[in-house]
Amino acid sequence: MVLTLATLIPLGMSQSATYHVPVDFETIQAAIDSATHGDEIVVATGTYRENIHFRGKNIVVRSNNPKNTTIVANTIIFANRLKPVVTFEGTENTKASLSGFTITNGYNLSGGGAAGVLANNAKARISHNVIRNNRGGGINRCDGTITFNLIKDNIGAGSGISYSDSLCIGNIIVRNLGGIV
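Structure report, in brief. Computed from a prediction, not measured in an experiment: that's the story for all the values here.

Here we come to the nonpolar core. One broad rule of soluble globular proteins: the nonpolar side chains tend to lie buried together. Judged by nonpolar contacts, the single largest core of 33 residues is most densely connected at Ile28, Ile41 and Phe88. Secondary-structure elements contributing two or more residues to this core are strand E1 (18-21), helix H1 (28-34), strand E2 (40-43), strand E10 (117-122) and strand E13 (139-142). With sequence-adjacent residues up to four places away left out, Ile41 is seen in contact with Tyr19, Val21, Ala31, Ile32, Ala35, Ile59, Val60, Val61 and Arg62.

Encoded structure:
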């Protein structure tokens, strides 16, 4: 007698996946484009020359170890100076997370919008990042949580944290043109 065990997944429910950059995908954006709600994208140390957009997905995008300052310093999203480094659609909830990166070289001078992270009123979690050397501002319009980030050397109106209805804990905001708006 053969006994077979099966795991049934109810319709409408799916298993979340973990993608590794650059092993599974060469770029962070390619991994985001393939991800669905609940997935996690883990990014290895290196410099990623791209701008990323969450596209309304409630996903986790993080470095190998967001609490390790050496890992954060060496996991760099280096934008092309044409737009913000990281953009949220604005519909993301508290399950969307960005953690453990150096976010740099963004550009956005339109209406005080951020060049580092433009959240568009998303309820996302932004933590343990270094947001530096962006032309426009650090974080703009985040209605989630902003915790333990170093936001420095950004140039532009509201170049620290601006127009955010968020819980802010443990952030260091230094040497920006502006602090908190």
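A contiguous nonpolar patch, built from Phe148, Leu167 and Ile169 and spanning about 290 Å² of accessible area, is present on the exposed surface. Tracing the sequence through the fold places Leu167 in strand E17 (residues 167-169). Here Leu167 falls in the partly exposed class, since its relative accessible area comes to 48%.

Now for the sheet that holds strand E7 (residues 86-87). Pairing is parallel in the open sheet, where five strands are placed in the order E4-E7-E10-E13-E16. Lying at the two open borders of the sheet, with one neighbouring strand each, are strand E4 (52-53) and strand E16 (161-162). Two strands pair when backbone bridges link them, and E13 and E16 are joined in this way by two bridges, in the parallel orientation. Counted as the bridge partner of Ile139 is Ile161 from E16.

Looking at where Gly38 falls in the secondary structure, it is placed in the loop between H1 and E2. On the accessibility criterion, Gly38 (45% relative accessible area) is partly exposed. The contacts of Gly38, once residues within four sequence positions are left out, are Ser16, Asn58 and Ile59.

As a further point, take the pattern of salt bridges. This model, assessed by the stated rule, comprises three salt bridges. Of the charged contacts in the structure, one is a salt bridge between Asp33 and Arg55, with a shortest N-O distance of 2.8 Å. Remark: Arg55 occurs in the loop between E4 and strand E5 (60-63) and Asp33 occurs in helix H1; sequence separation between them is 22 residues. By relative accessible area, Arg55 is classed as partly exposed at 45%. With its nearest N and O atoms 2.9 Å apart, the salt bridge here joins Asp153 to Arg175. Here Asp153 is found in the loop between strand E15 (150-152) and E16, whereas its partner Arg175 is found in the segment after strand E18 (172-174), with 22 residues between them in sequence. Here Arg175 falls in the exposed class, since its relative accessible area comes to 55%.

Cis peptide bonds are those with omega within 30 degrees of zero, and the linkage from Val21 to Pro22 qualifies with 10°. Tracing the backbone through its elements, the reader meets Pro22 in the loop between E1 and H1. Phi at Asn121 takes a positive value of approximately 70°, unusual for a residue other than glycine. Among the structural elements, Asn121 can be located in strand E10. Assessed through its relative accessible area of 35%, Asn121 is described here as partly exposed. A positive phi angle, close to 55°, is found at Asn133, a residue other than glycine. Relative to the elements of secondary structure, Asn133 occurs in the loop between strand E12 (130-132) and E13. Assessed through its relative accessible area of 32%, Asn133 is described here as partly exposed.

Conventions adopted
Residues numbered from 1 in each chain as written. Predicted model: local features only at pLDDT ≥ 70, side-chain atom pairs only at ≥ 80, totals over all residues. Heavy atoms only, no water. Core = buried A, V, L, I, M, F, W, Y, C linked by side-chain atoms within 4.5 Å. Buried < 20%, exposed > 50% of the residue type's maximum accessible area, 1.4 Å probe, protein only. Helix = DSSP H or I, 4+ residues; strand = E, 2+ residues; numbered from the N terminus. Contact = heavy atoms within 4.5 Å. Patch = residues over 30% accessible without salt bridge, like charges linked within 9 Å, V, L, I, M, F, W, Y side chains within 5 Å. Areas by Shrake-Rupley, 256 points an atom, 1.4 Å probe, with all protein chains shown as cover. Salt bridge = Lys/Arg side-chain N within 4 Å of Asp/Glu carboxyl O. Pairing = 2+ DSSP bridges.

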